[in-house]
Amino acid sequence: MFSIKSALAKPFAKRVYKKIQKWANNPIETQDKVFQNLISEAAGTAFGKDHDFISINTYQDFVKRVPIRDYEQLKPYVDRVVAGEKDVLWKGKPIYFAKTSGTTSGAKYIPLTKQSMPNHVNAAKNAILLYIHETGNAKFVDGKMIFLQGSPTLKEQNGIQLGRLSGIVAHYVPKYLQKNRMPSWETNCIEDWETKVDAIVEETLPENMTIISGIPSWVQMYFEKLQHKTGQKVGDIFKNFNLFIFGGVNYEPYRAKFENLIGRKVDSIELYPASEGFFAFQDKQNKKGMLLQLDSGMFYEFVEADQFFEENPKRITIKDVKVGVNYVMIISTNAGLWAYNIGDTVMFTSTKPYRVIVSGRIKHFISAFGEHVIGKEVEYAMKEATEGTTIRINEFTVAPQINPNSGLPYHEWFIEFENEPENLSALAKKIDASLQKQNSYYLDLIEGKVLQPLKISKVEKKGFQNYMKSIGKLGGQNKIPRLSNDRKIAENLKPHILTK
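Residues numbered from 1 in each chain as written. Predicted model: local features only at pLDDT ≥ 70, side-chain atom pairs only at ≥ 80, totals over all residues. Heavy atoms only, no water.

## Details of helix α17 (residues 463-470)
The set of residues buried in α17 consists of G463, F464, Q465, Y467 and M468. Directly after α17, the chain includes G472, whose backbone phi takes a positive value near 70°. (Buried < 20%, exposed > 50% of the residue type's maximum accessible area, 1.4 Å probe, protein only. Helix = DSSP H or I, 4+ residues; strand = E, 2+ residues; numbered from the N terminus.)

Now the structure itself:
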C-alpha cells in the first residue's frame, strides 16, 4: 500500500545524507570549528575563567591549561551547578541532568544544555535516515516502533529537570512518530523492569512492530517473554519486523541467540549513545564501525590506552589517530564537559571517514598479571570459538582467579549458555587459543607458566538477570561488564554457578 510518510522519508533521507557527507568529508576543519566555538562560548564561565580560556588560541594552549578529568575531578564544578549556580561549566543553567549510577561517587549528574540536547535527539533519527538512503527501505516508518528504555518520569531540582537520559529523550519524540511509538507513556513509567517488560509484551503483541531497539541483553528478555507467551519465533509474531537498533554493548556475542529467537536475519543499526553525548552511529550496512559525530558540539581527543596511566600521556586529535590502536576517548562539549574522560576505549576502523568501534572500558580490563586483556579481545575470542557451532551464549563475564585451590592462577569465564557445548573443555581451549593469538602478553604468561589456560564456570539460566536484580540494576541502561580486574562480580555470581 502506498504511504505518504514512507514516500516523503526518502527525499528527506537524501537531504540529511548530503548534509552529513559535507562535514564527514571535511573532518579536521569541522573539529577545528567546534573547538573554537566551544572555547569562545565558555570563556565567561567560572570554568573558562579558572582555565584562562580567553588566552586559548590553539589546541596546544588547551592541553597546557585544561588537564584530563573524570567525573570525580569535575565534581566540584558539577556540585555548584546542581546547587543552582549559573555560568559554571557552560553559560546559563543546563535544562536537564541525566542521572546515572556512578561507582565511587554514588549518583552522577551529567548536564544537558539547550545547545547539547539536539545532538541526543538528532543522531538516532539521522542513523535511521541514512539507513533509508542506503537501502531504499522506508516501509517500516508506517509500522510501530519500540525503544526499551528507562522511565520518562522527571524530578525537578533547583529549576533543573532530573532523570535518566533515555527517559529525557522520550520527551523529544517528533509529533509525526508519536502514533507509531511504543510502549504507551503509562507502561514506560513503570519502574520495576520485569513488570514493565510483561506490560510491553501485552501491549505490543497485537501490533505491527517494524523497529525494535534497546540494549541487546534487555531486548533478549523481551523476546524470550514473547516467545514463552506465544510459542512462536519473534519474526513470526511480527512479520514486518526488519530493523533492530541497538547500542551500549557489542551485539556480536548476542547475534546467534537473536537470530534464533527471531527465526530469521534482520538488518541492524549500531548506535553509540551516552549521557555525555551521542558519539557515533552506523552509517553503512556493509562497513565496520560507526561514523564519529564531528559536527555535534563535541570536540574529541584521544590517548593511547597503553599510555593512559602514565604521568603525562600524549593527547592527540582526530588528525593523528591511527586505525586499529586502542584509545581512551576524551571529550569537551557544549554541555560543559572539558577534557572529560568518559571511561570508554575506542578503535578506529577507518579515517576516511572517521569510524569507530567501542573496544571496552578503560576500567574494565584484566591485568592482574600484566596481560592487559580488553573487552574487544574476550568478545572476539567468544565469537571465534562459537562460530559455526550450535553453541549459543546468553551472557558472560571474565575475572582473574589469583589464588586457586591448586595449580597456577587463571582467567575464569562465567558463561550462561542457551545451547551448551558438548565438550566444555574443548570450548575453553578454543577461546584460550583465540585470546593467545590476539594478546601477546597473555600468550607470554601462558607459555612462561605464570598462568594456566582459562577455565569456564557455568552460570544457571537467568543467573545474570538474578544477579543484576540482587544488586538493584535489572533493566534500563544497566549492563554486565565483560571483564573486571577483581573478583567482586565473581563472588556475587557464586549462588548462580552450576556445579558439575
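## Observations concerning the side chain of S484
Mapped onto the elements of the fold, S484 is located in the loop between α17 and α18 (488-493). Owing to a relative accessible area of 10%, S484 belongs among the buried residues under this scheme. In contact with S484, other than residues within four places in its own chain, are F365, I366, V398, A399, P400 and I489. (Contact = heavy atoms within 4.5 Å.)

## Considering the packing of aromatic side chains
The geometry of two aromatic rings is summed up by the distance between their centres and the angle between their planes. Under the criterion given, the structure shown has 25 aromatic pairs. Ring plane angle 25° and centroid distance 5.6 Å describe the contact between F244 and F246, whose orientation is recorded as stacked. When sorted by exposure, F244 lands in the same class as F246, which is buried. Three or more aromatic residues link up through ring pairs in this structure, and these residues are Y272, F279, Y300, F302, Y327, F348 and Y354. Here the guanidinium or amino end of K455 rests over the ring plane of Y410, the centre of that ring lying 4.9 Å away. The positively charged end of R482 is found above the aromatic ring belonging to F396, 4.2 Å away from the centroid. (Phe/Tyr/Trp six-rings, centres within 6.5 Å; stacked < 30°, edge-to-face > 60°. Lys NZ or Arg CZ within 6 Å of the ring centre and 35° of its normal.)

## Some remarks on the packing of helix α15 (residues 424-438) against helix α16 (residues 440-447)
In the contact formed by α15 and α16, the axes pass within 5 Å of each other and the chain directions differ by 120°. Taken together, the axis directions place α15 and α16 in an arrangement best described as oblique. Together, D432, L435, Q436 and Q438 of α15 and S440, Y442, L443 and I446 of α16 make up the contact between the two elements. Classifying every residue of the contact of α15 with α16 gives four nonpolar, three polar and one charged. (Axes fitted to C-alpha atoms, helices over the stretch in contact; angles between N-to-C directions. Parallel < 35°, antiparallel > 145°, perpendicular 65-115°, else oblique. Nonpolar A, V, L, I, M, F, W, Y, C, P; charged D, E, K, R; others polar.)

## Remarks on unusual backbone geometry
Leaving glycine aside, a negative phi is the common case for residues, and trans is the common case for peptide bonds. The linkage connecting M182 with the following residue, P183, adopts the cis geometry, with an omega of -5°. Mapped onto the elements of the fold, P183 is located in the loop between β6 (181-182) and α9 (185-188). Of note, the phi angle at D87 is positive, near 50°, even though the residue is not glycine. Among the structural elements, D87 can be located in the loop between α5 (71-82) and β1 (96-101). Positive phi outside glycine occurs at K449, with the angle close to 60°. Its place among the elements puts K449 in the loop between α16 and β20 (455-458). For K449, a relative accessible area of 61% translates into the label exposed.

## Some details on the pattern of salt bridges
Under the defined criterion, the tally for this structure stands at 22 salt bridges. A salt bridge links R80 to E85; its shortest N-O distance comes to 2.9 Å. The exposure class assigned to R80 is partly exposed, which follows from its relative accessible area of 31%. Overall, the relative accessible area of 34% leaves E85 in the partly exposed class. Ionic contacts of the salt-bridge type, sharing partners, join the residues E224, K257, E418 and K462 into one network. (Salt bridge = Lys/Arg side-chain N within 4 Å of Asp/Glu carboxyl O.)

## Observations regarding the sheet that holds strand β7 (residues 209-214)
Across the sheet, which stays open at both edges, the 11 strands sit in the order β6-β3-β7-β8-β9-β10-β11-β15-β14-β13-β12 with mixed pairing between neighbours. Bordering the open sheet on either side are β6 and β12 (298-304), each of which pairs with just one other strand. Summarising the sheet, strand β14 (residues 340-351) and strand β15 (residues 354-361) pair through seven bridges and their orientation is antiparallel. Directly across from T345, in β15, lies its bridge partner G360. Contacting β7, β8 (243-247), β9 (267-274), β10 (277-281) and β12, helix α6 (residues 117-135) crosses the sheet at an angle of about 15° to β10. (Pairing = 2+ DSSP bridges.)

## Points about the nonpolar core
As a rule of thumb, soluble globular proteins bury nonpolar side chains together. Core analysis: the largest hydrophobic core is formed by 90 residues, its most contacted members being L292, F302, M329 and W338. At seven residues, the largest contribution of residues to this core is made by α6. Beyond its immediate chain neighbours, meaning those up to four positions away, M329 contacts Y272, F279, L292, Y300, E301, F302, Y340, N341, I342, D344 and V346. (Core = buried A, V, L, I, M, F, W, Y, C linked by side-chain atoms within 4.5 Å.)

## Here we look at helix α14 (residues 375-386)
Helix length check: α14, at 12 residues, gives a terminal C-alpha distance of 17 Å against a target of 16 Å (1.5 Å per residue), a fit within 8%. Every buried residue belonging to α14 is among G375, E377, V378, E379, A381, M382, A385 and T386, and all of these are buried. In this fold, the buried residues of α14 make contact with α13 (252-262), β15, β17 (373-374), β18 (392-401), β19 (410-419) and α15. Taken from the residues just after α14, G388 is the one with a positive phi, measuring 75°. (Expected span 1.5 Å × (residues − 1).)

## Some remarks on the sheet that holds β18
Across the sheet, which stays open at both edges, the three strands sit in the order β18-β19-β20 with mixed pairing between neighbours. One side of each edge strand has no neighbouring strand; the edge strands of this open sheet are β18 and β20. Between one strand axis and the next, the sheet turns through 30° on average, direction left out of account. Pairing of β19 with β20 involves four bridges; the strand directions are parallel. What sits directly across from W413, in β20, is I456. Packed on one face of the sheet, α13 meets β18 and β19 and runs near 160° to β18. Each of β18 and β19 is contacted by α14, which is oriented at about 130° to β18, the strand it contacts most.

## Remarks on the pairing of β8
Taking burial as the measure, the five residues of β8 include five buried ones, the bulk of the element. Burial along β8 is two-sided: the face carrying L243, I245 and G247 and the face carrying F244 and F246 are both buried. Pairing of β7 with β8 involves four bridges; the strand directions are parallel. What sits directly across from S213, in β8, is I245. One ladder, built from five bridges, connects β8 with β9; its direction is parallel.

## Notes on the environment of E202
Structurally, E202 is set in helix α10 (residues 193-204). On the basis of relative accessibility, which here comes to 46%, the residue E202 falls in the partly exposed class. Linking E202 and F308, residues 106 residues apart in sequence, is a C-alpha distance of 48 Å. Within the local environment of E202, its side chain forms a polar contact with the side chain of K229, the two groups lying 3.1 Å apart. (Polar contact = N/O pair within 3.5 Å; in protein donor to acceptor, adjacent residues only side chain to side chain.)

The analysis is restricted to geometry; functional conclusions fall outside its scope.
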